[in-house]
Each structure stands twice: as structure tokens, then as C-alpha cells.
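# Residue-level structure breakdown
For reference, the chains in residue letters:
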Amino acid sequence: MSIEAELRAEFDRWERNEKVFFAVLPYALLSLCTLITLVLPFWDVSLNLPVVLGLTAALALWTAGFHAHPRWRHSGSLTGLYYVGLIVLGASVVALAPWYGIFTFIGYVHAFLFLKGAWRYAGVAATAVIQAASSTGGLSGATVDEWLVLSLVIIVLAAAFFRFAELDDRRNHRQKRALTELHEANVKLEAALTENAGLHAQLLVQAREAGVQDERQRMAREIHDTLAQGLAGILTQLQAAEQHADRAEAWRRHVDNARNLARDSLTEARRTVHAVQPDVLAEARLPEAISDVTRRWSQVHRIDAVLTTTGDPRPMHADVEVTLLRAAQEALANVAKHARASRVGLTLSYMEDLVTLDVRDDGVGFELGARRADGAGDGGFGLAGMRQRVQRLAGRLDIESEPGGGTAISATVPAIPAGA
């Protein structure tokens, strides 16, 4: 149980005990006064016993009748009527039997519990006057002057204590209200923490699923850029070798190209499985790596391809270099498969905040948005994978093409320096 809950429970127990005590107190005081009344006639034969006992019964019934209807306490007029009756009956019995001042002490308690505002202090003053009469012996007691002086002293003392009791009661109500608000805030906080825990678990599941999906996409892109392109190149070279079976030199060249492609593809596949950067980047900077890829592609496909580098070449983050290298490989692979081009120009541009790779060919081109008969339109997996790579780095991939006008691909990514 929390601290505020324990304090609230303690306040509740105190209030319950207080209600029971104040509910029983009038009857306990009245019983004590009645007992004195029944014993005293043995020494005081002048006591009008029937009248005193009658007033005692009237007080008991008056008090019990009011407490039997709890709703009357919320009515100002009924509460005022009850208190006036209590004071009148109490003054009457004290006039005959001064020891009933013991009972009239309940006037202070009921003034505090049932009266509001200035009426509380009026009740305190009335009770103090009766208490003074009780202390001076009732009707047969001290003089009027003595009674008035004693009444004034008791009124002042009772009002002072009454004021302190009011302030203490207000403080207790504020503390209880603060504890209630704190408990409600803790309940809301606990609910929020529970909800946050659920959301956190949900986010973990989503993050795990996103990680799995991202890894699948990475593997798909790498397989496409290595194995798929390598196998396509091997198949192309083997088909060319078959067509030149009667020409030993040409046949040998195509077979050697197929063997080299197979070896390179196997190496790249192993590096892909272990998430290692491409072999050409492990041994050279990006411009040299793209230049090497371009040169070997040109030798295999017998298509003129040239790389031009502008700006200040500098080491970039591994993801930037891999993305641009794969973009160059994919663009050249598409040229070899579809463009029927005679010349390809690649431009690697280093700018202050960006690095751009442009690949332009003079091939047959295509209509953007259309799908070729072989299913390799501009929405094919190769370009889609290239776009995903670029967008993962908050970059852009632009494609320009038209039938008979060649194709231009531009990949632009942030210039994230190595080690960043």
C-alpha cells in the first residue's frame, strides 16, 4: 500500500472513530448527570426530582430525534431549531440542577458540527452563558455580576479554543483533499505507466518486425546486386560463347568472362551474408571503385563507358559509398540488358553537402511508367532497390528517359563523411 493510501486510511479511521464518539457523547454525559440526579436526593431533599427527570427525558428525546434523521443536518432551519431547543432545555435543567452543566458541554460540540459561520460563535456564547450559570450554582448560586463576569471569561476562552479548532479542522480537510488528489494522480500515473508499458512492448514488436523486414530488404537488394546480376551476366556470356563455338578466341573470351563473373559473384555473396562492404570498396576509394567496375563492365559488354569525377573526392561514410557503388552497378546492368547503347557516361560529383552519381546512356530509352515486355520497366526490382537504398540515406533518385532518347539516372545522397 502506498504512503498516501495509508494516510487516507488513517484519516478515514480517525473520522469514523470521531463520529462514533460524538454520537455517543451526549447520551454518556446525560447518563452521568442522571445518575447524579438519582443519588443526590439522599442529601438534597429540596431537589424537584420529577421536573429534572422530565427535562432529562426531553433532552434525550430531542437529541435522539435529531440524530435519527441525518438529512435534517443539511437543512439550516431545522439545524437551528434543534440547537435552540437544546440550549433552552439545557438552560432549564441547569437552573434546577447545576451539575447538568456537564451535559451542556455538548453545546460546544454541536455548534461546531451543525452550525455555520457566525451562528457557530453565537452557539458558543449561549453555551458559555449556561456553563457559567452551572459553575455559579444555578438559580440559587452567585450574584448576577459574578455570573456575567464568569460568562464573559468563558465566552472569550471558548471562542478562542473554538477558533483554533476551526483552523485545525480546515487544515485536516485540506490535507485530506491533497491526499485524495495525490491518490488520484498516482492512480492515473499508474494507468499511464501500464499503458506506456503496453505501448513500449508494442513498439518493441514493431521495431523487431521492422528490423526483420529491413534485413530482408537488404538481403534482397544485395542478392539482386550481386548474385542476380552475376548470374544474368554469366548466362549472357555463356549464350555468347555458344553462339561463337566455331571461333575459339571469341568462345574463350566469353567463357573467361563467365568464370570471372562467377568468381566475383561468389565473393560478393559471401560479403553480403556477413554484411561486409563490397570488395572493390575495401581496396579502393569510391571514384576508383566505380571506375574499376565501369572498366570491367565495358570490357565484358564491349560498350564504351567513362567515369568523370568532379569536386573534391574525399572518404565518405560506408553506407554512402556502398549506395552509390550499387547504383552504378545497377544502372550499368540495366544498360547492358535493355538499352542497346553504344556509349555510357558516368559522373561522380562531390559537393559541399551532397554527392551525386549521374549515369547517362545513348540507348533506346523507354517511356517512364510503362513496363517492358520482359517485365523490367522503370518500376522493376532493380530500380526499386536502388531507390530504397538512396531513400534510406534521405537522398533522391531521379530517372529521365524517352523512347529513342536514351536514359539518365541521377542518385543524390547527403555527403556524410567517413567516421560520422
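It should be emphasised that the depicted structure is a prediction, and the values quoted were computed from it without experimental measurement.

## So, the overall build of the protein chain
Per the secondary structure count, the protein chain includes twelve helices and five strands. Taking all 420 residues of the protein chain together, 37% fall into the buried category. In the protein chain, 67% of the contacts between residues at least 6 apart in sequence involve partners at least 24 apart. Accessible surface, the protein chain: about 24100 Å² in total, of which carbon and sulfur atoms supply 61%.

## What to know about the pairing of strand E3 (residues 354-361)
Along any regular strand, the residues point their side chains to alternate faces of the sheet. When strand E2 (residues 343-350) meets E3, the two strands line up antiparallel, connected through seven bridges. When the sheet's bridge partners are listed, serine 349 is paired in E3 with threonine 356. Here E2 folds back onto E3, and the loop between the two strands holds three residues. Taken together, the eight bridges between E3 and strand E5 (residues 407-414) define a ladder with antiparallel strand orientation. If you follow valine 355 over to E5, its bridge partner there is valine 413.

## Describing the sheet that holds E5
Taking strand neighbours across the sheet as the criterion, the five strands line up as E1-E2-E3-E5-E4 in an open arrangement whose pairing is mixed. If you trace the sheet from one side to the other, it starts and ends with strand E1 (304-310) and strand E4 (396-401), each paired once. Adjacent strand axes in the sheet meet at a mean angle of 10 degrees, parallel and antiparallel pairs treated alike.

## Some points on the nonpolar core
Ile290, Leu324, Val344 and Leu348 are the most contacted members of the largest nonpolar core, which totals 39 residues. Those elements that place two or more of their residues in this core are helix H10 (286-301), E1, helix H11 (318-339), E2, E3, helix H12 (381-392), E4 and E5. The greatest single-element share of this core, amounting to ten residues, is contributed by H11. Those residues in contact with leucine 324, other than ones at most four positions away along the chain, are Leu286, Ile290, Leu348, Val355, Leu357, Ala411 and Val413. Tyr83, Val109, Ala111 and Ala128 belong to the second largest nonpolar core, which has 35 residues in total.

About the thresholds
Residues numbered from 1 in each chain as written. Predicted model: local features only at pLDDT ≥ 70, side-chain atom pairs only at ≥ 80, totals over all residues. Heavy atoms only, no water. Helix = DSSP H or I, 4+ residues; strand = E, 2+ residues; numbered from the N terminus. Buried < 20%, exposed > 50% of the residue type's maximum accessible area, 1.4 Å probe, protein only. Contact = heavy atoms within 4.5 Å. Areas by Shrake-Rupley, 256 points an atom, 1.4 Å probe, with all protein chains shown as cover. Pairing = 2+ DSSP bridges. Axes fitted to C-alpha atoms, helices over the stretch in contact; angles between N-to-C directions. Core = buried A, V, L, I, M, F, W, Y, C linked by side-chain atoms within 4.5 Å.

Keep in mind these values describe shape, not function.
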